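# Chains, contacts and geometry: an overview
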Amino acid sequence: MANPEIFKKVIAHAKEYGFIFQSSEIYDGLSAVYDYGQNGVELKNNIKKYWWDSMVKLNENIVGIDSAIFMHPEVWKASGHVGAFNDPLIDNKDSKKRYRADVLIEEHREKIQEKIDKEVEKAQAKYADKFDKDTFLATNARVLERKQKIDSLTERFQNALNSNNLEELKQIIVDEEIVCPISGSKNWTDVRQFNLMFDTKLGSVSEEADIIYLRPETAQGIFVNYLNVQKTGRMKLPFGIAQIGKAFRNEIVARQFIFRMREFEQMEMQFFIRPGEQESWFEHWKKVRMQWHLALEPGNGKYRFHDHDKLAHYATAATDIEFDFPIGFKELEGIHSRSDFDLSQHQKFSGKKIQYFDPETNTSYVPFVIETSIGLDRMFLSVLSNSFGEEKIDKEDGSSEIRTVLKIHPALAPIKAAILPLIKKDGLPEKAYQILNLLKFDYNCQYEEKDSIGKRYRRHDAIGTPFCITIDHQTLEDNSVTIRYRDTMLQERISVDNIKAIIEEKVNMRKLFEKIENR
Ligand code: GAP
């Protein structure tokens, strides 16, 4: 469920604790562009490693590449992005704000769904144990009327999108009496198409320069390298190529923090298969990718599949994995069946034969492709918002305080252990450094001696450090430390010799990978 208050808190927290800063902030910022701070970059790198290893290390038939952002301009004609990578935009004449027409309609539809959810909640509270949700949904007159409204709206909306009927999109907005969230008015312009690609010039003399594009997806870098990788890696179908890298889109509406950015990162994998096997591989990758998310134990009901209302120009089937962000359920990852569209187009536009000789069938063909594509920044936002918590702590003197904690999975946490000498003298800092030196080759640790131990614990709760190791006078006597666990706040006395094993047990990604493997 959308929770704008929590969203605001997560955004403020991300800045205050060095996760995310507005780009060029001292110049008042650049809209929909963000920088990752000292803790943000660690979390981001850990997410990348979790994804990369789950693809390239776990699957002997998937390899990685790192292709350039700039590509030959013909690539984007062949891929269809020059002609069809558009969003339908509409302006409100009173607020002068620009919107995506499809998003306005989708949000309107979600509001109707929220009304149904509220009816269910109300009835649940009223009838308690006697409540039967399925019967209620199938019989309640108000719910049925709203469901009917959603169904007819969806049908009309999908028809308009799939036939690129911009007049009809506008008419839906008019008929549904959708108002501008800023001005509250229904004073709309017509709907127009807007290409999302950024362009720039290649060459030093601008008059002679060729227009080139900043890639709007990393996938094309994989397609144009299909032959290189297949030949040099002697890859046999089915096989995959994975890549992590920046992508750029001139988004019309970019008001949702790092959910929709103009410069962002994608983690994409193109899986090349025999034609005819697309349905089973599509199902396979849907399952594997959902398992990758669930292995992080995000809590029940956080993910759902959502089939696209409109297929992208390259797709023959597509589903999203949606996550329950504080802005509601939204797309986190896309799984697309791309047929042989991209490779065939590149074959046509480049004039080079892009085929696979199948030794089993003795035939040559253009492989089909199943793609998994996840936004790294969106994954980051899902981890950050899902781990953010405020807990009431009762103190010994009868008062209470609020602790802000990020319960990030230890394998993804930016700092694995804080090394904290109780005081700054009596040889405790020196002993603490010895322990730091023991751990730092394997884990990202942070040494801190400033402020009271309580304050240092709180600071590390706020950045999601799973373990705090406190060094006191007893440590000098018997080589023991206090280890404090972030989630439970429990403290126990352990030998220095055991620290590594305790950290390793929780932060090693192996357990996550085993969960994906045992699906
Ligand atoms: N190659 C396929 C492709 O690019 P997409 O659904 O357009 O498909 C894939 O994008 C993923 O990239 C999305 O599920 C989302 O996580 C991420 N993404 C797309 N646009 C984004 C944006 N403007 N800001 C942040 N992430 C974005």
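Residues numbered from 1 in each chain as written. Predicted model: local features only at pLDDT ≥ 70, side-chain atom pairs only at ≥ 80, totals over all residues. Heavy atoms only, no water.

Glancing now at the site of the ligand. Around the ligand, 21 residues are found, and the nearest of them are E217, E251, E268, E331 and L332. Here F259 contributes a backbone N or O atom positioned 3.4 Å from a nitrogen atom of the ligand. Interatomic distance of 3.0 Å between a side-chain N/O atom of Q266 and an oxygen atom of the ligand. Taken by itself the ligand offers 560 Å² of open surface, and the protein chains cover 94% of this. No other element matches the six residues that strand β13 (residues 328–339) contributes to the shell around the ligand. (Near = heavy atom within 4 Å. Polar contact = N/O pair within 3.5 Å; in protein donor to acceptor, adjacent residues only side chain to side chain. Areas by Shrake-Rupley, 256 points an atom, 1.4 Å probe, with all protein chains shown as cover. Helix = DSSP H or I, 4+ residues; strand = E, 2+ residues; numbered from the N terminus.)

Bringing the packing of helix α2 (residues 38–57) against helix α13 (residues 376–387) into the picture now. Each pair of packed helices gets described by two things: the angle between the helix axes and the distance between those axes. Their axes nearest at 10 Å, the elements α2 and α13 cross at an angle of 110 degrees. Between α2 and α13, the interaxial angle falls into the category roughly perpendicular. As α2 packs across α13, the resulting crossing turns out to be right-handed. Only L376, D377, M379, F380 and V383 of α13 make contact with α2, whose side of the interface consists of G40, L43, K44, I47 and K48. Here the contact of α2 with α13 is composed, by residue class, of six nonpolar, one polar and three charged. (Axes fitted to C-alpha atoms, helices over the stretch in contact; angles between N-to-C directions. Parallel < 35°, antiparallel > 145°, perpendicular 65-115°, else oblique. Left-handed = near helix turned anticlockwise from the far one by under 90°. Contact = heavy atoms within 4.5 Å. Nonpolar A, V, L, I, M, F, W, Y, C, P; charged D, E, K, R; others polar.)

Below, the discussion takes up the sheet that holds strand β20 (residues 445–447). With respect to topology, five strands assemble into an open sheet ordered β20-β19-β21-β22-β23, the strand pairing being mixed. A single partner strand is all that each edge strand has here, and the edge strands are β20 and β23 (491–495). Averaged over all neighbouring strand pairs, the angle between strand axes comes to 25 degrees, with direction disregarded. With five bridges connecting them, strand β22 (residues 480–485) and β23 associate as antiparallel partners. Directly across from T482, in β23, lies its bridge partner R493. (Pairing = 2+ DSSP bridges.)

In this section: the side chain of D91. Of note, D91 is situated in strand β4 (residues 86–91). Engagement of the side chain of D91 in a polar contact is seen with the side chain of R98, the distance being 2.9 Å.

Bringing α13 into the picture now. Its twelve residues give α13 an end-to-end C-alpha distance of 17 Å, which sits within 8% of 16 Å, the value for a rise of 1.5 Å per residue. Most of α13 sits out of view: eleven of its twelve residues are buried. All of the buried residues in α13 are L376, D377, R378, M379, F380, L381, S382, V383, L384, S385 and S387. (Expected span 1.5 Å × (residues − 1). Buried < 20%, exposed > 50% of the residue type's maximum accessible area, 1.4 Å probe, protein only.)

One pass over the full model with this rule turns up 20 aromatic pairs. Measuring from ring centre to ring centre gives 5.3 Å for F271 and W285, while their planes differ by 65 degrees; the resulting arrangement is edge-to-face. Of the two residues, F271 is situated in strand β10 (residues 263–273) and W285 in helix α11 (residues 278–294); the sequence distance between them amounts to 14 residues. Relative to Y447, the ring of Y433 has its centre 4.1 Å away and its plane inclined at 20 degrees; by these criteria the two rings are stacked. Of this pair, Y433 sits in helix α14 (residues 428–439) while Y447 sits in strand β20, and the two are 14 residues apart along the sequence. Put simply, the rings of F223, Y226, F239 and F272 touch in pairs and so form one group of aromatic residues. The cationic tip of R378 hangs over the ring face of F259; the distance from NZ or CZ to the ring centre is 3.7 Å. For R484, the ring lying beneath its charged end belongs to Y457, and the centroid distance is 4.5 Å. (Phe/Tyr/Trp six-rings, centres within 6.5 Å; stacked < 30°, edge-to-face > 60°. Lys NZ or Arg CZ within 6 Å of the ring centre and 35° of its normal.)

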